[in-house]
Amino acid sequence: DCSMAAGAFCVESADLTSICQICGNGKVEGTEVCDDAAASGACMAFCNATKVGWSCSGGTFTSPDTCRPGPSTPKAPTAPAVAETQMTWKWKPPNSHFAPIVNYTLQWYVADGSIGHTNETTVPGNKRTAIATGLQKATAYKARVMACTDVGCSEWLNA
């Protein structure tokens, strides 16, 4: 009877079988998506999802998930090269946690928000620059960048 176990959460299946789980015990039970016994911090509070940028696999009723982090957030992009209608943005690589960077996505937009859309381009992981074209003269722009590996993608970091 899992209702007796501290921290247990139980649900009834369609055939009225009680399915019980304890998030954080290192066993993937019931409706849990991941449970690594809090070893990595990758599993969300109720073991119902994996945090953005993480990949977890291998968890069973008897063994915890093995979780790998995606890349950390790249440093804020800067635009050292500015022409009338284009900017070359560059950024420093993030910690990729031993997985090669597959690609970066750069988004740019008008700094004051007067034009509501965002433009973006994706460049290969061995590049750390991107050119934003079609810009309006005498207009300030902001950008943000995200890095992706085979594990997942980083959070966005605004310039």
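Residues numbered from 1 in each chain as written. Predicted model: local features only at pLDDT ≥ 70, side-chain atom pairs only at ≥ 80, totals over all residues. Heavy atoms only, no water.

Engineer: Whenever I open this one, the nonpolar core confuses me. Can you help?
Structural biologist: Soluble globular proteins: nonpolar side chains tend toward being buried together. By size, the foremost hydrophobic cluster in this structure holds 16 residues, and its most contacted members are Trp89, Trp91, Tyr104, Leu106, Trp108, Leu135 and Tyr141. Looking at this core, the elements that each hand over two or more residues are strand E6 (86-90), strand E7 (103-110), strand E9 (129-133) and strand E10 (141-148). Setting aside anything within four residues of it in sequence, one finds Tyr141 in contact with Met87, Trp89, Trp108, Tyr109, Val110, Ala111, Leu135 and Gln136. Cys34, Ala42, Cys43 and Cys56 belong to the second-largest nonpolar core, a separate cluster that totals five residues. (Core = buried A, V, L, I, M, F, W, Y, C linked by side-chain atoms within 4.5 Å. Buried < 20%, exposed > 50% of the residue type's maximum accessible area, 1.4 Å probe, protein only. Helix = DSSP H or I, 4+ residues; strand = E, 2+ residues; numbered from the N terminus. Contact = heavy atoms within 4.5 Å.)

Engineer: Before we go on, may I ask you to explain the side chain of Thr149 in this structure?
Structural biologist: On the secondary structure map, Thr149 appears in the loop between E10 and strand E11 (157-158). On the accessibility criterion, Thr149 (7% relative accessible area) is buried. Within the structure, the side chain of Thr149 is placed 3.1 Å from the backbone nitrogen of Val151, a separation counted as a polar contact. (Polar contact = N/O pair within 3.5 Å; in protein donor to acceptor, adjacent residues only side chain to side chain.)

Engineer: I keep staring at the state of the cysteines and nothing clicks. Help me out?
Structural biologist: Formally, a disulfide is one covalent bond, and it connects the sulfur atom of one cysteine to the sulfur atom of another. In the structure shown here, the tally under the stated rule is four disulfides. Put simply, Cys34 and Cys43 are joined by a disulfide, and their sulfur atoms are 2.2 Å apart. Linked covalently through their sulfurs, Cys148 and Cys153 form a disulfide whose S-S length is 2.0 Å. On the S-S bond that ties Cys148 to Cys153, the torsion sits near 105°, and the link is right-handed. (Disulfide = S-S within 2.5 Å.)

Engineer: How should the pattern of salt bridges be read in this particular structure?
Structural biologist: A pair can form between side chains of opposite charge whenever their charged atoms are brought close. All told, the structure shown has two salt bridges when counted by the stated rule. Here Arg68 and Asp150 are joined by a salt bridge, their closest N and O atoms 3.7 Å apart. In this pair, Arg68 is assigned in strand E4 (residues 66-69) and Asp150 in the loop between E10 and E11, connecting sequence segments 82 residues apart. The exposure class assigned to Arg68 is partly exposed, which follows from its relative accessible area of 43%. Asp150 gets classed as exposed once you look at its relative accessible area, which sits at 59%. Close ionic contact of Glu84 with Lys137 constitutes a salt bridge, the shortest N to O distance being 3.2 Å. Highlighted residues: Glu84 in the loop between strand E5 (78-82) and E6 and Lys137 in the loop between E9 and E10, separated in sequence by 53 residues. With relative accessibility at 56%, the residue Lys137 sits in the exposed group. (Salt bridge = Lys/Arg side-chain N within 4 Å of Asp/Glu carboxyl O.)

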